[in-house]
Amino acid sequence: MNNSVTVIDNRTGKSYDFKILNGTRGPSVVDISSFYADTGMFTFDNGYTSTASCTSSITFIDGAKGELLYRGIKIEKLAEENSYLDVCYLLLNDALPSQEESKKFDLELRHRSFLHEELLELFKAFPSGSHPMATLSAAAAALSTFHFNHLDMCNESEYQTMARRIVAKMPTIAAFAYRHSIGASFIQPDITRSYTENFLYMMRAYPGGKMHVDPDGERSIKEIEIKALDTIFTLHADHEQNASTTSVRNVASTGAHPYVAISAGISALWGRAHGGANESVIKQLEMIGSVENVDAFISRAKDPEDEFRLMGFGHRVYKNFDPRARVLKNLQVQLQDELHLDSNLMQIASKIEEIALNDEYFVSRKLYPNIDFYSGVILTALKIPTSMFTPIFVIGRTVGWISQWIEFKKSKGTKIARPRQLYLGK
Ligand code: ACO
């Protein structure tokens, strides 16, 4: 058979043909969906390093080239030319908005940013001091209790409303989770502010929503901070079938409510091998303490007997510079210039980067700095508390998760996600 792969079972000499499918970009895939029926065997792929779990037309990554496209548009171009909300529109609608569509979308999200008063009680039920990621996951799931009856699982316009609603509310949920974690009263959204400014406002304002009392002081919001955070949201908006998105799709495959699928995505993102790495990067830089100690920690990262890993380095897909990291590296330089930053953490980070990019261990394993290596340093420069780094990732990624959820729902012939195992027990 042309365009197929033949598998020969050396025990019996039997051969089996499997079709090769071609995408519009990226490697071809071998369709093994009939593998078990044909051969009586399963395939084994620890951590899915060689498995495509779905078809998708949202995001494309070329890990060897270090390229990332949302709906066919390069991430660098989107980060430079578009707002995060335009990127949300693009992911949800497969086209950038016109000026009018952009305005309408923005306005709708501003109005949808409020939370039901009864949901506020949920935040208060958690001990103050709890990590905002745990609260975020619970609050996202709880949102399904407020919007369950309105969801017609067969109606696309309801999907879209449901999507815009959670994108609009996630900054409010994140800000409330943070304020509760420090024992501060909630600041309601202000619809006169843009998406990103509003989030900073809800986090930073004094009780009663007082802001701009001291424009140069700690708690005001600078234009450059809004632009930087907006870019960070854009860079995090989607990343094809990563661990959290796969969790969302797995939950979607059982037919559960989209907001509990998002809640599962948030939980998966929290781990330090995934989105939690941005928090770990800063903790690690603080642990290293000074530029003089960098060499010793690099040696630990290279020691196979030591479990220590350099946080913010390496990626399952990128075997080249993470394109998002490149955008953030430039942003870091810009912030350093405009906000006159030259912190100890930045010096340690650039020393690590310099050594790792030239060290044989990292070079031969193609371990480059990833998005989390830079985002942590930038968020610190924006005076964002460390516990909010991963929630900020959540705000950016929610649109990606929900776009993938919609795509899953609209795809024909999807099945419940149900892998098999190689049993080694009694
Ligand atoms: N520091 C030191 N060595 C590393 C690192 C690191 N950060 N990452 C990978 N390696 C080494 C491994 O020890 C292994 O070496 P070996 O071949 O001698 O055994 C080799 O590189 C391959 O590593 P794997 O763990 O097999 O790679 P995998 O693709 O499974 O893991 C991951 C990718 C989880 C991102 C890994 O690189 C890592 O743990 N990085 C640190 C955490 C991090 O930054 N996560 C954020 C990822 S980006 C994101 O989710 C937004």
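Since this is a predicted model, take the numbers as computed values, not measurements.

1. Regarding the site of the ligand
Item 1. Inspection of the region around the ligand gives 20 residues, with Arg-309, Leu-310, Gly-312, Phe-313 and Tyr-361 positioned closest.
Item 2. In the model, an oxygen atom of the ligand is placed 3.0 Å from a nitrogen or oxygen of the His-274 side chain.
Item 3. For the ligand, an oxygen atom lies 2.9 Å from a polar atom in the side chain of Arg-309.
Item 4. For the ligand, the protein covers 71% of the area, taking 920 Å² as the surface of the free molecule.
Item 5. Residue composition of the shell around the ligand, by class: 10 nonpolar, 5 polar and 5 charged.

2. Here's the deal with the nonpolar core
Item 1. One finds Met-170, Phe-199 and Ile-352 to be the most contacted residues of the largest nonpolar core, which totals 115 residues.
Item 2. The residues touching Phe-199, leaving out its near neighbours within four places in the chain, are Pro-171, Ala-174, Ala-175, Leu-229, Phe-233, Met-388, Ile-392 and Ile-395.

3. Let's talk about the side chain of Ser-290
Item 1. As for its position among the elements, Ser-290 is in the loop between helix 12 (277-288) and helix 13 (294-302).
Item 2. Residue Ser-290 is classed as buried on the basis of its relative accessible area, which comes to 19%.
Item 3. Setting aside residues up to four positions removed in sequence, Ser-290 forms contacts with Asn-344 and Ile-348.

4. A closer look at empty space enclosed by the protein
Item 1. By the definition in use, this model includes 1 cavity of 30 Å³ or more.
Item 2. Considered as a void within the structure, the largest cavity measures approximately 90 Å³ in volume.
Item 3. Lining the largest cavity are 13 residues, with Leu-109, Ser-113, Ala-168, Tyr-195 and Asn-198 positioned closest to its centre.
Item 4. Put simply, the parts of the chain that give the lining of the largest cavity at least two residues each are helix 4 (99-111), helix 7 (156-181) and helix 8 (195-204).
Item 5. Element by element, the count of residues in the lining of the largest cavity is highest for helix 8, at 4 residues.
Item 6. Its residues placed into classes, the lining of the largest cavity shows 6 nonpolar, 4 polar and 3 charged.

5. Looking at the sheet that holds strand 6 (residues 73-74)
Item 1. Taken in spatial order, the 3 strands make up an open sheet running 4-5-6, and their pairing is antiparallel. Strand pairing shows two members of the sheet lacking a second neighbour, strand 4 (59-62) and strand 6, which therefore form its edges.

6. Structural notes on the pattern of salt bridges
Item 1. The full count for this structure, using the stated rule, is 19 salt bridges.
Item 2. For Glu-108, the salt bridge identified is with Arg-164, shortest N-O distance 2.8 Å. Taken together, the positions of Glu-108 in helix 4 and Arg-164 in helix 7 put the pair 56 residues apart, joining distant regions of the chain.
Item 3. You can call Glu-108 partly exposed: its relative accessible area is 23%.
Item 4. Assessed through its relative accessible area of 19%, Arg-164 is described here as buried.
Item 5. Of the charged contacts, one joins Lys-383 and Glu-225 as a salt bridge, the two residues approaching to 3.2 Å between their closest N and O atoms. Here Glu-225 lies in helix 9 (residues 223-236) and Lys-383 lies in the loop between helix 17 (371-381) and helix 18 (389-410), a separation of 158 residues in the sequence.
Item 6. Relative accessible area serves as the criterion here: at 32%, Lys-383 is assigned to the partly exposed category.

7. Side note on the packing of helix 3 (residues 84-93) against helix 4
Item 1. Between helix 3 and helix 4, the least distance of the axes is 10 Å, while the angle of their chain directions is 100°. Considering the angle they form, helix 3 stands roughly perpendicular to helix 4. Between helix 3, through Leu-85, Asp-86, Cys-88, Tyr-89 and Leu-92, and helix 4, the contact on the second element is made entirely by Glu-101, Ser-102, Phe-105, Asp-106 and Leu-109.
Item 2. For the contact of helix 3 with helix 4, the class distribution of residues is 6 nonpolar, 1 polar and 3 charged.

8. Some remarks on the sheet that holds strand 3 (residues 29-30)
Item 1. With respect to topology, 3 strands assemble into an open sheet ordered 1-2-3, the strand pairing being antiparallel. This sheet does not close on itself; its edge strands, each paired only once, are strand 1 (4-8) and strand 3.
Item 2. In this sheet, strand 3 lies alongside strand 2 (residues 15-21) in antiparallel orientation, the contact comprising 2 bridges. Across the sheet, the residue bridging to Ile-20 is Val-30, located in strand 3.

9. Brief notes about the pairing of strand 1
Item 1. Relative to strand 2, strand 1 runs antiparallel, the two being bridged by 5 bridges. In the strand pairing of strand 2, Thr-6 is matched with Asp-17.
Item 2. In this structure, the hairpin formed by strand 1 and strand 2 is closed by a connection of 6 residues, where Gly-13 is found at a positive phi of approximately 80°.

10. Comments concerning the pairing of strand 5 (residues 67-70)
Item 1. Of the two faces of strand 5, the one lined by Glu-67 and Leu-69 and the one lined by Leu-68 and Tyr-70 are each fully buried.
Item 2. As paired strands, strand 4 and strand 5 are joined by 4 bridges and run antiparallel to one another. For Phe-60, the partnering residue across the bridge sits in strand 5 and is Leu-69.
Item 3. Taking the residues between adjacent antiparallel strands as the criterion, strand 4 and strand 5 are bridged by 4 residues, where Gly-66 takes a positive phi near 75°.
Item 4. The pairing of strand 5 with strand 6 spans 2 bridges and is classified as antiparallel.

11. Overview of the environment of Ser-83
Item 1. Structurally, the position occupied by Ser-83 is in the loop between helix 2 (75-81) and helix 3.
Item 2. Here Ser-83 falls in the partly exposed class, since its relative accessible area comes to 31%.
Item 3. Between the C-alpha atom of Ser-83 and that of Asn-46, which follows or precedes it by 37 residues, the distance is 38 Å.
Item 4. Among residues more than four places away in sequence, those in contact with Ser-83 are Asp-230 and Thr-234.

What counts and how
- The written sequence of each chain sets the order in which its residues are numbered from 1.
- Restriction of local features to residues with pLDDT of at least 70 applies here, the model being predicted, together with a cutoff of 80 or more for giving and counting side-chain atom pairs; totals for whole chains, interfaces and linings are based on all residues.
- Side-chain metrics rest on all non-hydrogen atoms present in the structure, leaving aside hydrogens and water.
- Near is defined per residue: the residue qualifies when any heavy atom it owns lies within 4 Å of the molecule or strand.
- Any N or O atom pair separated by 3.5 Å or less is treated as a polar contact, with the protein-specific requirement of one donor-capable and one acceptor-capable atom, and with residues adjacent in sequence counted only for side-chain atom pairs.
- Calculation of accessible area relied on Shrake-Rupley with a 1.4 Å probe; when residues are assessed, cover is drawn exclusively from the protein chains displayed.
- Each residue receives one of three labels: charged for Asp, Glu, Lys and Arg, nonpolar for Ala, Val, Leu, Ile, Met, Phe, Trp, Tyr, Cys and Pro, and polar for the others, Gly being one of them.
- As used here, the term nonpolar core means buried Ala, Val, Leu, Ile, Met, Phe, Trp, Tyr and Cys residues forming a set that is joined through side-chain atoms within 4.5 Å.
- Buried, partly exposed and exposed residues are distinguished by accessible area as a fraction of the type maximum, computed with a 1.4 Å probe on protein chains only: under 20%, between the cut-offs, and over 50%, respectively.
- Every residue pair with non-hydrogen atoms within 4.5 Å of one another is taken to be in contact.
- For helices the rule is a DSSP run of H or I covering at least 4 residues; for strands it is a run of E covering at least 2, with both sets numbered from the N terminus onward.
- Whether a set of points on the 1 Å grid over the protein atoms alone is a cavity depends on a 1.4 Å probe fitting there but being unable to get out, while an open set qualifies as a pocket with protein on both sides within 12 Å along at least five of seven lines; lining residues are those with an atom within 4 Å of a point.
- Grid points are joined across faces, edges and corners, and a volume is the space filled by probe spheres set on the points.
- A pair of strands counts as paired when DSSP detects no fewer than two bridges linking them.
- Salt bridge criterion: a side-chain nitrogen from Lys or Arg within 4 Å of a carboxyl oxygen from Asp or Glu.
- For helices, the fitted axis covers only the stretch in contact; all axes are lines through C-alpha atoms, and the angles between them, taken along N-to-C directions, range from 0 to 180 degrees.
- Angles are sorted into four bins: roughly parallel if under 35 degrees, roughly antiparallel if over 145, roughly perpendicular if 65 to 115, and oblique for all others.

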